[in-house]
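Next come the chains, spelled out residue by residue.
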Amino acid sequence: MTNPTDTIRQPDTYNIELIAITGLGCRDTITKNLAVFPQPQAAWTLTPTEGCYPLLVNFQQHSTAFTNVFLTFRPGSSQSNPSFPLDFTYFSGIDDAQYFPQMIIDYEGKCFDTIQQEILVYSTPEASFVTDWDSICGGGNAISVQSSATDNKGIVSYFYDFGDPISGPLNTSIDANASHVYADPGSYTITHIVTDEDGCSDTASKVIYIFPNPVADIGQDTLKGCYQLPVNFFSAANPDNGTSWMWDFGDNRTASDSVVQNIYNSADTFEVRLIV
C-alpha cells in the first residue's frame, strides 16, 4: 500500500518502518520514530461558585495527563503551575460581578485542554446608622437610632443590638429606626446589621457614653465669723470631684476653681452655690 493510514490509540513512541520493493525484487528500508502524547483532560471543582462579596473560592484540581497548568482567576491575575488546592477572593462593587476563571493544561507543550467556570459575586449592602447623641450625662436616657444603610437591590431586614443585655428583650430591635433607654451610666456598643434580598449582610457599630451625674457638695473651714471674714471653700463633688466648677458666694462674687477663698466684707447671711 502506497499511502496507508492507521489510528494509534495509546500514547507511546512507535517505530514506523517503510520497506520499498521494486518489480525486480530490489528493496530499501527507512525507519522513523513517532511519539504519540496523551490527551490532557482538564477538570476541577470550584466551591462556591456564587455568593456575597467578598467571596472566597476554593480551587481543587482533578485534571489528568498534563505537565503544565496556566490558571487565570480574573483579568490581570493569573498563575503558572500553582499548587492545589488553593483559594482566591473575588470582589464586587455596587453591582453584582461576574468572573470566568479559566484553566489551560498541556502535556509537554504539545497537547492542550481548557476548562472555564462562571463565578457570580453578589454586591453587599453598606451598613450605617446615626444616633441623636454620642454622649450624655445620667442614666434613664433614651437614644434614637436611624438606619442610613444603602444597597442597590434593597434591604429586606434590619437588626439592632444596643449592647445593654440587662434590658432583656428590649436590647434588640428589627426596625430601621428605633430607640432604647439606658438605665445606668457606662459605655455601650450599638451594633447594626442589615441584610439584602440575596442574603448578603453588613455590620456597623458605634460606642456611646453615658456619664454619671455629678453630685455637688461644698466643704468649708468655717460657717460664721466677724466682719471681713475669710472663708476657704473646696468642692467635695462626686464622682472624681467634677471637672469644672462655678462658685457663687452670694455677695456678687464668683470663682471657677475647685478650691477657692472668699472674704465677706459685710455682716449678713450668705447663700453659697456650687455648680459642677
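Overview of the structure. Predicted, not measured: the structure shown is a model, and the values here were computed from it. (Residues numbered from 1 in each chain as written. Predicted model: local features only at pLDDT ≥ 70, side-chain atom pairs only at ≥ 80, totals over all residues. Heavy atoms only, no water.)

The number of helices and strands found in the chain is zero helices and 26 strands. The C-alpha radius of gyration of the chain comes to 42 Å, more than 25% above the 19 Å expected for a compact globule of 276 residues. For the chain, the spread of C-alpha atoms along the three principal axes comes to 155 × 35 × 25 Å. The buried share of the chain, taken over its 276 residues, is 29%. When contacts within the chain are restricted to residue pairs at least 6 apart in sequence, those whose partners lie at least 24 apart make up 55%. When the accessible surface of the chain is totalled, it reaches about 17,300 Å², and 50% of it is carbon and sulfur. Within the chain, one finds 10 positive and 32 negative side-chain charges whose respective centroids are separated by 11 Å. (Helix = DSSP H or I, 4+ residues; strand = E, 2+ residues; numbered from the N terminus. Rg over C-alpha atoms; globule rule 2.2 N^0.38 Å. Buried < 20%, exposed > 50% of the residue type's maximum accessible area, 1.4 Å probe, protein only. Contact = heavy atoms within 4.5 Å. Areas by Shrake-Rupley, 256 points an atom, 1.4 Å probe, with all protein chains shown as cover. Lys, Arg positive; Asp, Glu negative; His and termini not counted. Charge placed at Lys NZ, Arg CZ, Asp CG, Glu CD.)

With that out of the way, let us pick up the nonpolar core. Core analysis: the biggest nonpolar cluster contains 19 residues, and F59, Y90, M103 and I119 have the highest contact counts within it. Mapped by element, the contributors of at least two residues to this core are strand 3 (44-47), strand 5 (55-61), strand 6 (68-74), strand 8 (86-90), strand 9 (97-99), strand 10 (102-107) and strand 12 (119-122). Setting aside residues up to four positions removed in sequence, M103 forms contacts with A42, A43, W44, Q61, S63, V69, F70, L71, F84, D113, T114 and I115. Listed in part, the 17 residues of the second largest apolar core include A127, F129, A149 and I155. (Core = buried A, V, L, I, M, F, W, Y, C linked by side-chain atoms within 4.5 Å.)

Throughout the structure, instances matching the rule amount to 15 aromatic pairs. When the centroid spacing of 5.8 Å and the interplanar angle of 45° are considered together, the rings of F233 and W247 count as tilted. Of the two residues, F233 sits in strand 22 (residues 229-235) while W247 sits in strand 23 (residues 246-248), which places them 14 residues apart along the sequence. Neither F233 nor W247 differs from the other in exposure class; each is buried. Members of the aromatic cluster, each reached through a chain of ring pairs, are W44, F59, F73, F88, Y90 and Y99. (Phe/Tyr/Trp six-rings, centres within 6.5 Å; stacked < 30°, edge-to-face > 60°.)

This brings us to the sheet that holds strand 4 (residues 50-52). Spatially, 4-12-9 is the arrangement adopted by the three strands of the open sheet, whose pairing is mixed. The sheet is open, and its two borders are formed by strand 4 and strand 9, each paired with just one other strand. Between one strand axis and the next, the sheet turns by 20° as a mean value, whatever way the strands run. Taken together, the three bridges between strand 4 and strand 12 define a ladder with parallel strand orientation. From the neighbouring strand, E50 faces strand 12, where its bridge partner is L120. (Pairing = 2+ DSSP bridges. Axes fitted to C-alpha atoms, helices over the stretch in contact; angles between N-to-C directions.)

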